[in-house]
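Commentary on secondary and tertiary structure
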Amino acid sequence: MKRNILIHPDPRLKKVCDPVPDLSDELRVLADDMLETMYDAPGIGLAAPQIGVLSRLIVLDCAKSDNDEEARPLVMFNPQVVASSDERNVYEEGCLSIPEQYAEVERPKVVDVEWLDTDGVLQKETFDGLWATCVQHEIDHLDGKLFIDYLKPLRRQMITRKMVKLKKERAREGS
Ligand code: NI
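Residues numbered from 1 in each chain as written. Predicted model: local features only at pLDDT ≥ 70, side-chain atom pairs only at ≥ 80, totals over all residues. Heavy atoms only, no water.

For clarity, the cut-off: UniProt positions are given in the numbering used here, feature names are shortened, and annotations may be inferred rather than shown by experiment.
By the naming in an unreviewed UniProt entry, the protein goes by Peptide deformylase and is assigned to Sagittula salina. Regarding the protein, the relevant UniProt record gives this comment under Function (unreviewed entry): "Removes the formyl group from the N-terminal Met of newly synthesized proteins. Requires at least a dipeptide for an efficient rate of reaction. N-terminal L-methionine is a prerequisite for activity but the enzyme has broad specificity at other positions." The record in UniProt for the protein states the following under Catalytic activity (unreviewed entry): "N-terminal N-formyl-L-methionyl-[peptide] + H2O = N-terminal L-methionyl-[peptide] + formate".

**Regarding the coordination of the nickel ion**
Convention followed: Excluding water, the donors of a metal are its N, O and S neighbours within 2.8 Å, or within 3.2 Å for Na, K and Ca, and that exclusion means sites may look incomplete. Only DSSP runs of H or I with at least four residues qualify as helices, and only runs of E with at least two residues qualify as strands; both kinds are numbered from the N terminus onward. Note on classification: 1.4 Å probe, protein chains only; a residue is buried when its accessible area is under 20% of the maximum for its type, exposed when over 50%, partly exposed between these limits.
Distances from the nickel ion to its protein donors, C95 (SG), H137 (NE2) and H141 (NE2), fall at 2.1 to 2.3 Å. Positions of the donor residues of the nickel ion, expressed as sequence spacing, correspond to C-x41-H-x3-H. On the criterion of sequence distance, the pair formed by C95 in strand β4 (residues 88-95) and H137 in helix α2 (residues 129-142) is long-range, its members being 42 residues apart. For the pair formed by C95 and H137, the shared burial category is buried.

**Examining the UniProt feature "binding site: Fe cation" (unreviewed entry) in the protein**
Condition: By the convention used here, residues are in contact when the closest approach between their heavy atoms is within 4.5 Å. Pairs of N or O atoms are called polar contacts if they sit within 3.5 Å, as long as, within protein, a hydrogen donor faces a hydrogen acceptor (for residues adjacent in sequence, only side-chain-to-side-chain pairs).
Sites flagged by UniProt as "binding site: Fe cation" (unreviewed entry) map to C95, H137 and H141. Annotated residues spanning 47 residues; largest pairwise C-alpha distance 10.2 Å, indicating a single compact cluster. When sequence neighbours within four positions are dropped, the list of residues in contact with C95 reads Q50, H137, H141 and F147. Each residue touching H137, except ones within four places of it in the same chain, is listed here: E93, G94, C95, R107 and F147. A polar side-chain atom of H137 sits 2.9 Å from a polar atom in the side chain of E93.

Here it is in C-alpha cells:
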C-alpha cells in the first residue's frame, strides 16, 4: 500500500528515531509499503520518518533502470555506518520530502554499513558512489537530519520557505 510522504518542514522529520527491537510481520509490511511508495514517487531511497513512522528503517535502490541495471531493493533495519573513507565525494542530492530542490552535498565516498535484513540477519556491505551517498542520506533521516542541513543557513531558509509555500498550495488544493 502506498503511503503519504511528509513534506519538510514537519516536526516528525526532525526526530531521532527508535531502534527496531524485534522484527515482525507488521514491520515487513511497512518495509514493502515503503518500497512501493519509493518506486512510485519515483525515488532511490526512503526512510520511515518520511511516512511518519519514527523507527530506524530505510529502503533504497540506486540501480539505474535506464542502464538496464537490475532492480536491487534493499531493506535495512537499524542501519549503521561502521566505517567511512577519508576520500570524499560530492553529489547533487534531492529528497522526496523536499520536492524539486537539489543541492550539492559532500560526504565520505565509501562507507561500510551494518544492518538487519528482513529475516533479522545481520548484514554488512561496502557502498561506493551513489549508493554510498544514498545510504548516508537515508540514515541521516533516522537522526532527524536532512540534506539541506549541510547547506549554508541562507540557502536552507530559502528552500524551507519554498516548501512552506508548497504545503500551503497543496492544502488549498486539498491534495
Ligand atoms: Ni531524503
